[in-house]
Amino acid sequence: MQVSHSINAFSSAKKTIVTLGTFDGVHLGHQSILNQLIEATENGMYESVVLTFYPHPRMVLQQEPAIQLLNSMDEKTMLLEKSGIDHLIIHPFDAAFSKLSAEAFVQKVLVEQLQIHKIIIGYDHRFGENRTANITDLIQFGKKYNFEVAQINAKEINEIAVSSTNIRTALGNGSIQLANRYLGYTYFFSGKVMKGKQLGRTIGFPTANLELLEPFKLLPKKGAYVVYSMLKGTRIFGMMNIGHNPTLGENERTIEVHFFDLKEDLYDSVLCISLLAFIRPEEKFSSVEALKTQLHKDRDFSKKYLQDYFQPS
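Okay, so let's go over this structure.

Basis of the calculations
- Residues numbered from 1 in each chain as written.
- Predicted model: local features only at pLDDT ≥ 70, side-chain atom pairs only at ≥ 80, totals over all residues.
- Heavy atoms only, no water.
- Axes fitted to C-alpha atoms, helices over the stretch in contact; angles between N-to-C directions.
- Helix = DSSP H or I, 4+ residues; strand = E, 2+ residues; numbered from the N terminus.
- Parallel < 35°, antiparallel > 145°, perpendicular 65-115°, else oblique.
- Left-handed = near helix turned anticlockwise from the far one by under 90°.
- Contact = heavy atoms within 4.5 Å.
- Nonpolar A, V, L, I, M, F, W, Y, C, P; charged D, E, K, R; others polar.
- Buried < 20%, exposed > 50% of the residue type's maximum accessible area, 1.4 Å probe, protein only.

1. As for the packing of helix 5 (residues 102-113) against helix 6 (residues 135-145)
At a minimum axis distance of 11 Å, the contact between helix 5 and helix 6 shows a crossing angle of 50°. Classed by the angle they form, the pair helix 5 and helix 6 counts as oblique. Of the two possible hands of crossing, helix 5 and helix 6 adopt the one that is right-handed. Along the contact surface, helix 5 presents Ala102, Glu103, Val106, Gln107, Leu110 and Val111, while helix 6 presents Leu138, Phe141, Lys144 and Tyr145. For the contact of helix 5 with helix 6, the class distribution of residues is seven nonpolar, one polar and two charged.

2. Focus on the environment of Val162
Its location among the elements puts Val162 in helix 7 (residues 154-173). Overall, Val162 belongs to the partly exposed group, its relative accessible area being 36%. Each C-alpha atom, one on Val162 and one on Gly29, is 9.3 Å from the other, the two residues being 133 residues apart in sequence.

3. A few points about the packing of helix 7 against helix 8 (residues 176-183)
Helix-helix packing is characterised by the crossing angle of the two axes and by the distance between the axes. In contact at an axis separation of 8 Å, helix 7 and helix 8 are set at 155° when each is read in the N-to-C sense. Regarding the angle of helix 7 to helix 8, the classification is roughly antiparallel. Two packed elements cross with a definite hand, and for helix 7 against helix 8 that hand is left-handed. The residues of helix 8 that touch helix 7, namely those facing Ser163, Asn166, Ile167, Ala170 and Leu171, are Ile176, Leu178, Ala179, Tyr182 and Leu183. Across the contact of helix 7 with helix 8, the residue classes break down as eight nonpolar, two polar and no charged.

As structure tokens, then:
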């Protein structure tokens, strides 16, 4: 997959099949559209192109600085590459770009720069300055500039919207298995291991304290989780806590991962954490000793879960 960081940086020797959107999550609904995109290339006669934008248009147009996304751009790039598309264009989205008229977008971007043969787009898609143009306008532009328009029907668009909502709701509820089912992969995030207060090791549960690489990344509800990460090509398992450590009287949110049977120094490492299951919500315990007792129960639960997950009956 070739990645271009602006429309102007893109080039192709062949005509293209294009779809565009934010593709946040690259979940099963999105993957069905990507499969249509690839099928429309007719075994290499054309090249498949996904056009997406950064920052998220809502951050620019609706000024939502606190928007939370299912994927960072790096994660989205990795997931789109797995889909098998030929090109990903990540175009900088700003106020000037949003003011392009509908016809200017079609002529200058789709026709002149992307060399479009066909676009696959939602029936409810709106585009151009103030989003005034719709699918009917796009079909007319297609006739004028000689490209095809394939509509993604209402049922499929609705399923995509429902999937995105369900994924966010599931993560907010700690329903990790459900979120993973909608995604078609295990939900994950990346963080850098930072120096913490090293309290975990004093009670037999040393943790890697993570700082998110992507501040807009959506995290699940506070609580304890069964997780895994890849370290030097080996999958390592553990349990993670997201929260504020109320038993220890702390206020700052932390992300702490305790890996089973791992003694390696992870400071300054970047870890990708994949979530498998929710263990329990965050809780304030009566003492550090009570917390330690619960952590032993969490570890037993996690190991039993992993045994059943990887060796189902």
